[in-house]
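Working through the structure, step by step
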Amino acid sequence: MSKVALVTGGSRGIGAAISKALQEAGYQVAATYGGNDEAAAAFTSETGIKTYKWSVADYDACKEGIAQVEADIGPIDVLVNNAGITRDSMFHKMTPEQWKEVIDTNLSGVFNMTHPVWSGMRDRKFGRVINISSINGQKGQAGQANYSAAKAGDLGFTKALAQEGARAGITVNAICPGYIGTEMVRAIPEKVLNEKIVPQIPVGRLGEPEEIARCVVFLASDDAGFITGSTITANGGQFFV
Ligand code: NDP
């Protein structure tokens with residue numbers, strides 16, 4: 001029986017690459033998304049991967065959604081917490097709403113998705129939780145106090161939960177991508193991207209979503225069973241921890 005993987009924000013950007021790579025590696029994959037029905041429909045027709053719409057910021061919706069996925073394709077063995085948003089602003093202009101929206105999605109969303117699958121993973125003595133954090137959670141980024149705080153919080157969550165899951169056969173790891181060429185990054189003005197961001201990346205280019213997806217496939221595999229509580233830093237040499 002193939003293992004079951006659930007990827008949040010799995011129909012676009014890095015998440016879509018992760019969903020496809022897991023499917024190619026033999027997993028039964030389900031992908032969630034937040035609201036872009038058109039992108040989700042296009043993704044399903046391209047890949048055959050079923051998509052589910054709910055907000056990771058809503059705990060009850062996560063519980064119900066996960067129950068539906070498990071009824072459809074079976075207990076979740078691999079959870080990839082990838083859904084994320086930015087609401088960038090310099091701190092003196094940041095609104096409480098911008099703060100809350102990012103914390104609710106990027107940090108509480110990881111709790112909301114992991115909590116409902118945790119007991120089942122413990123009972124079955126196997127699980128893989130892979131959290132997509134960010135370089136900006138490691139080093140901080142001006143204009144992203146909300147995002148940096150949430151993504152740094154994801155790393156603390158990863159390390160704490162790794163200790164709780166270890167004896168139950170569950171590994172919990174994080175990946176910190178640098179700048180990856182998805183819509184989130186392409187939304188940055190081209191001049192800023194070409195003149196300020198790319199020159200900071202020693203390899204001289206943006207990363208590809210597939211480069212993050214391959215890290216996920218490795219962390220999900222049996223070969224990575226001794227790796228837990230760790231962070232894969234994938235940023236083209238931009239920042240070393
Ligand atoms: P995209 O904006 O391309 O895609 C984000 C995905 O998350 C979409 O599928 C979106 O759904 C989903 N999503 C957003 N909010 C919610 C929500 N409340 N509930 C459920 N799903 C939601 O992002 P990327 O692919 O660029 O980023 C993926 C992850 O990688 C994020 O966590 C991001 O912070 C992180 N990251 C990205 C980097 C980059 O350079 N791109 C760098 C470092 C980290 P929908 O399609 O419906 O909008």
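Per an unreviewed UniProt entry, the recorded name for the protein is Beta-ketoacyl-ACP reductase, and the organism is Pacificitalea manganoxidans.

Details of the site of the ligand
As a structural note, the neighbourhood of the ligand is formed by 28 residues, with Gly 35, Asn 82, Tyr 147, Ile 180 and Thr 182 the closest of them. At 3.4 Å from an oxygen atom of the ligand is found a main-chain nitrogen or oxygen belonging to Gly 9. Within the backbone of Val 56, an N or O atom sits 3.0 Å from a nitrogen atom of the ligand. Taking 900 Å² as the accessible area of the ligand by itself, protein coverage stands at 91%. Of all the cavities here, the one that holds the ligand is the largest pocket. The set of elements that each furnish at least two residues to the shell around the ligand consists of helix H1 (13-24), helix H6 (145-165) and helix H7 (183-186).

Focus on the nonpolar core
The biggest cluster of nonpolar side chains holds 25 residues, and the ones touching the most others in it are Ile 18, Leu 22, Val 80, Ile 130, Ile 132, Ile 175 and Val 216. Core analysis: the second largest hydrophobic core is formed by 22 residues, Leu 6, Cys 62, Val 117 and Trp 118 among them.

Quick look at the UniProt feature "domain: Ketoreductase" (unreviewed entry) in the protein
As annotated in UniProt, the feature "domain: Ketoreductase" (unreviewed entry) corresponds to residues 3-178 in the numbering used here. End-to-end, the C-alpha atoms of residues 3-178 are 29 Å apart, and along that stretch the chain is 53% helix and 18% strand.

Concerning helix H2 (residues 37-47)
Of the positions making up H2, those classed as buried are Ala 39, Ala 40, Phe 43 and Thr 47. Along the axis of H2, the buried residues cluster in a sector spanning 100 degrees; they form a single face. For H2, exposure combined with an orientation more than 90 degrees from the buried face picks out Glu 38 and Ser 45. Close packing links the buried residues of H2 with H1, strand E2 (28-33) and strand E3 (50-53). A positive backbone phi angle near 80 degrees is found at Gly 48, which sits one or two residues after H2.

Here we look at the packing of helix H3 (residues 59-73) against helix H4 (residues 96-124)
Their axes nearest at 9 Å, the elements H3 and H4 cross at an angle of 40 degrees. Between H3 and H4, the crossing angle belongs to the class labelled oblique. Handedness of the crossing formed by H3 with H4: right-handed. In this structure, H3 contributes Tyr 59, Cys 62, Lys 63 and Ile 66 to the contact, and H4 contributes Phe 111, Asn 112, Met 113, His 115, Pro 116 and Val 117. Broken down by class, the residue content of the contact of H3 with H4 amounts to seven nonpolar, two polar and one charged.

A short note on the pairing of strand E1 (residues 4-7)
Burial along E1 is two-sided: the face carrying Val 4 and Leu 6 and the face carrying Ala 5 and Val 7 are both buried. Bridging between E1 and E2 involves four bridges; their strand directions are parallel. Paired with Val 7 across the strands is Ala 31, a residue of E2. Crossover E1 to E2 through H1 is right-handed.

Concerning the layout of surface pockets
The method is simple in principle: a probe with the dimensions of a water molecule rolls over the atoms, and the space it marks as empty is what remains. Considering only enclosed or pocket space, the largest pocket measures out at about 1300 Å³ in volume. Gly 84, Ile 85, Thr 86, Tyr 147 and Met 184 are, among the 50 residues lining the largest pocket, the residues nearest its centre. Of all the elements in the fold, those that place two or more residues in the lining of the largest pocket are H1, E2, H4, helix H5 (135-139), H6, H7 and helix H8 (190-197). Considering only residue class, the lining of the largest pocket consists of 20 nonpolar, 23 polar and seven charged.

Points about the state of the cysteines
Going through the model one piece at a time under the given rule, you end up with zero disulfides. Cysteine Cys 176 shares no disulfide, and the gap to the nearest cysteine sulfur, in Cys 215, comes to 11 Å. Overall, the relative accessible area of 0% leaves Cys 176 in the buried class. Cys 215 sits in the buried class, given a relative accessible area of 16%.

A few points about the pattern of salt bridges
Under the defined criterion, the tally for this structure stands at nine salt bridges. Across the pair Lys 3 and Asp 222 runs a salt bridge whose closest N-O atoms are separated by 3.8 Å. Taken together, the residues Lys 3 in the segment before E1 and Asp 222 in the loop between helix H9 (209-220) and strand E7 (231-234) connect sequence positions 219 residues apart. The class of Asp 222 is exposed, set by a relative accessible area of 57%. As a salt-bridge pair, Arg 12 and Glu 183 come within 3.0 Å of each other at their nearest N and O atoms. Within this pair, whereas Arg 12 is found in the loop between E1 and H1, its partner Glu 183 is found in helix H7, the two being separated by 171 residues in sequence. What makes Arg 12 partly exposed here is its relative accessible area of 38%.

Reading the values: rules and limits
- Residues numbered from 1 in each chain as written.
- Predicted model: local features only at pLDDT ≥ 70, side-chain atom pairs only at ≥ 80, totals over all residues.
- Heavy atoms only, no water.
- Near = heavy atom within 4 Å.
- Polar contact = N/O pair within 3.5 Å; in protein donor to acceptor, adjacent residues only side chain to side chain.
- Areas by Shrake-Rupley, 256 points an atom, 1.4 Å probe, with all protein chains shown as cover.
- 1 Å grid on protein atoms, 1.4 Å probe; cavity = no way out; pocket = protein on both sides within 12 Å on 5 of 7 lines; lining within 4 Å.
- Sits in = over half its atoms within 2 Å of the grid points.
- Helix = DSSP H or I, 4+ residues; strand = E, 2+ residues; numbered from the N terminus.
- Core = buried A, V, L, I, M, F, W, Y, C linked by side-chain atoms within 4.5 Å.
- Buried < 20%, exposed > 50% of the residue type's maximum accessible area, 1.4 Å probe, protein only.
- UniProt positions renumbered as here; feature names shortened; annotations may be inferred.
- Arc of directions from axis to C-beta.
- Contact = heavy atoms within 4.5 Å.
- Axes fitted to C-alpha atoms, helices over the stretch in contact; angles between N-to-C directions.
- Parallel < 35°, antiparallel > 145°, perpendicular 65-115°, else oblique.
- Left-handed = near helix turned anticlockwise from the far one by under 90°.
- Nonpolar A, V, L, I, M, F, W, Y, C, P; charged D, E, K, R; others polar.
- Pairing = 2+ DSSP bridges.
- Right-handed = clockwise from strand over helix to strand, strands pointing away.
- Points joined across faces, edges and corners; volume = space filled by probe spheres on them.
- Disulfide = S-S within 2.5 Å.
- Salt bridge = Lys/Arg side-chain N within 4 Å of Asp/Glu carboxyl O.

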